[in-house]
Amino acid sequence: MRNTYKDRSYFDRQAEEFAEDKAIAMKSIAEPNISERGKQFVLQQIFEAQINEFLWLYNTGHPIKQTVDVLNEA
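Just so you know, these numbers come straight off a predicted model, no measurement behind them.

Draft legend 1. Highlighting the pattern of salt bridges. Counted under the stated rule, the structure contains one salt bridge. For Lys-65, the salt bridge goes to Asp-69, with nearest N and O atoms at 3.0 Å. Remark: Asp-69 and Lys-65 occur in helix H3 (residues 64–73); sequence separation between them is four residues, near one turn of the helix. According to the relative accessible area criterion, Asp-69 is partly exposed, its value standing at 38%.

Draft legend 2. Local environment of the packing of helix H2 (residues 36–59) against H3. Running from amino to carboxyl end, H2 crosses H3 at an angle of 170°, the nearest separation of the two axes being 9 Å. Our classification of the angle between H2 and H3 gives roughly antiparallel. Once H2 is placed against H3, the crossing between them reads as left-handed. Contacts from Gln-50, Ile-51, Glu-53, Phe-54, Leu-57 and Tyr-58 of H2 reach H3 at Gln-66, Thr-67, Val-70, Leu-71 and Glu-73.

Draft legend 3. A look at a nonpolar patch on the surface. On the surface, Met-26, Ile-29 and Leu-43 cluster together into a nonpolar patch covering about 240 Å² of accessible area. Relative to the helices and strands, Leu-43 resides in helix H2. On the basis of relative accessibility, which here comes to 41%, the residue Leu-43 falls in the partly exposed class.

Draft legend 4. Up close: the packing of helix H1 (residues 8–29) against H2. Between H1 and H2, the shortest axis-to-axis distance is 9 Å and the interhelical angle comes to 155°. Looking at the two axes, H1 sits roughly antiparallel to H2. The two elements H1 and H2 meet at a crossing, and its hand is left-handed. On H2, the residues that touch Phe-11, Asp-12, Gln-14, Ala-15, Phe-18, Asp-21, Lys-22, Ala-25, Met-26, Ser-28 and Ile-29 of H1 are Lys-39, Val-42, Leu-43, Gln-45, Ile-46, Ala-49, Gln-50, Asn-52, Glu-53, Trp-56 and Asn-59. Among the residues forming the contact of H1 with H2, the class breakdown is 11 nonpolar, six polar and five charged.

Parameters and conventions
- Residues numbered from 1 in each chain as written.
- Predicted model: local features only at pLDDT ≥ 70, side-chain atom pairs only at ≥ 80, totals over all residues.
- Heavy atoms only, no water.
- Salt bridge = Lys/Arg side-chain N within 4 Å of Asp/Glu carboxyl O.
- Helix = DSSP H or I, 4+ residues; strand = E, 2+ residues; numbered from the N terminus.
- Buried < 20%, exposed > 50% of the residue type's maximum accessible area, 1.4 Å probe, protein only.
- Axes fitted to C-alpha atoms, helices over the stretch in contact; angles between N-to-C directions.
- Parallel < 35°, antiparallel > 145°, perpendicular 65-115°, else oblique.
- Left-handed = near helix turned anticlockwise from the far one by under 90°.
- Contact = heavy atoms within 4.5 Å.
- Patch = residues over 30% accessible without salt bridge, like charges linked within 9 Å, V, L, I, M, F, W, Y side chains within 5 Å.
- Areas by Shrake-Rupley, 256 points an atom, 1.4 Å probe, with all protein chains shown as cover.
- Nonpolar A, V, L, I, M, F, W, Y, C, P; charged D, E, K, R; others polar.

Below, the structure is given as structure tokens:
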């Protein structure tokens, strides 16, 4: 994907979508009275949002250190 041409607006839309997903997941995990299966589902959502953030950083050419830090956090 890094070798395929994408314009800036494509990546800006991706970043907005990922930020929304991450915010929803973080709000859901903050509610303690859900089942264990529900918690695992929310943790999976957070992980996927973090991976998407990593991919966005990588694909837009951000510094490797910042990209790796986000991947390690996931």
